[in-house]
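Notes for the structure review
Now for the letters of each chain:
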Amino acid sequence: MEIYQNACDLLSHVSPSPLTLARVAGTLLVYQVKDTELEEFKWFCTQVKQCLDEEEVEELIESIHRTDAL
């Protein structure tokens, strides 16, 4: 429930579809399960907050899952 609420909070400035909300929540869950560095988690949250619309959020999530982006 906490992860869902965090995702809702991060996306409060856009009108996300349920799929985008689920993808952000899933990404937050992965960061939590993988014991990701706190800085990386904060970076993701900051990036989501800076997205102007749902499409940018989707592009951000896609970019962090592509190996060529690294």
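Notes on the structure in this doc start here. It should be emphasised that the depicted structure is a prediction, and the values quoted were computed from it without experimental measurement.

A closer look at the overall build of the protein chain
When helices and strands are tallied, the protein chain shows four helices and zero strands. Secondary structure elements of the protein chain occur, N-terminal to C-terminal, as α-α-α-α. Here the protein chain has a C-alpha radius of gyration of 11 Å; the compact-globule value for 70 residues is 11 Å, and the two agree. Counting every position in the protein chain, which comprises 70 residues, the buried fraction comes to 30%. Excluding contacts between residues fewer than 6 apart, the proportion of contacts in the protein chain whose partners are at least 24 apart in sequence is 48%. As displayed, the protein chain offers around 4,900 Å² of accessible surface, 54% of which is attributable to carbon and sulfur atoms. Distance between charge centres in the protein chain, computed from 5 positive and 14 negative side chains, equals 4 Å.

Quick look at the environment of Leu21
Tracing the sequence through the fold places Leu21 in helix 2 (residues 18-33). Once the C-alpha coordinates of Leu21 and Ala7 are considered, the two residues, 14 residues apart in sequence, prove to be 6.4 Å apart. Apart from residues lying up to four places away in sequence, Leu21 is in contact with Tyr4, Ala7, Cys8, Leu11 and Pro16.

Some points on the packing of helix 1 (residues 2-10) against helix 2
At a minimum axis distance of 9 Å, the contact between helix 1 and helix 2 shows a crossing angle of 125°. Taken together, the axes of helix 1 and helix 2 are oblique relative to one another. Considering the relative orientation of helix 1 and helix 2, their crossing is right-handed. Residue-level inspection shows Ile3, Tyr4, Asn6, Ala7, Cys8 and Leu10 of helix 1 in contact with helix 2, the latter providing Leu21, Val24, Ala25, Leu28, Leu29 and Gln32. A breakdown of the residues in the contact of helix 1 with helix 2 according to their chemical character gives ten nonpolar, two polar and no charged.

Focus on the nonpolar core
The biggest cluster of nonpolar side chains holds 17 residues, and the ones touching the most others in it are Leu11, Val24, Leu28 and Phe44. Only helix 1, helix 2, helix 3 (38-50) and helix 4 (54-65) provide two or more residues apiece to this core. Per-element accounting of this core gives the leading share, five residues, to helix 2. In this structure Phe44 touches Val24, Thr27, Leu28, Tyr31, Leu60, Ile61 and Ile64, once residues within four positions along its chain are discounted.

Conventions we followed
- Residues numbered from 1 in each chain as written.
- Predicted model: local features only at pLDDT ≥ 70, side-chain atom pairs only at ≥ 80, totals over all residues.
- Heavy atoms only, no water.
- Helix = DSSP H or I, 4+ residues; strand = E, 2+ residues; numbered from the N terminus.
- Rg over C-alpha atoms; globule rule 2.2 N^0.38 Å.
- Buried < 20%, exposed > 50% of the residue type's maximum accessible area, 1.4 Å probe, protein only.
- Contact = heavy atoms within 4.5 Å.
- Areas by Shrake-Rupley, 256 points an atom, 1.4 Å probe, with all protein chains shown as cover.
- Lys, Arg positive; Asp, Glu negative; His and termini not counted.
- Charge placed at Lys NZ, Arg CZ, Asp CG, Glu CD.
- Axes fitted to C-alpha atoms, helices over the stretch in contact; angles between N-to-C directions.
- Parallel < 35°, antiparallel > 145°, perpendicular 65-115°, else oblique.
- Left-handed = near helix turned anticlockwise from the far one by under 90°.
- Nonpolar A, V, L, I, M, F, W, Y, C, P; charged D, E, K, R; others polar.
- Core = buried A, V, L, I, M, F, W, Y, C linked by side-chain atoms within 4.5 Å.

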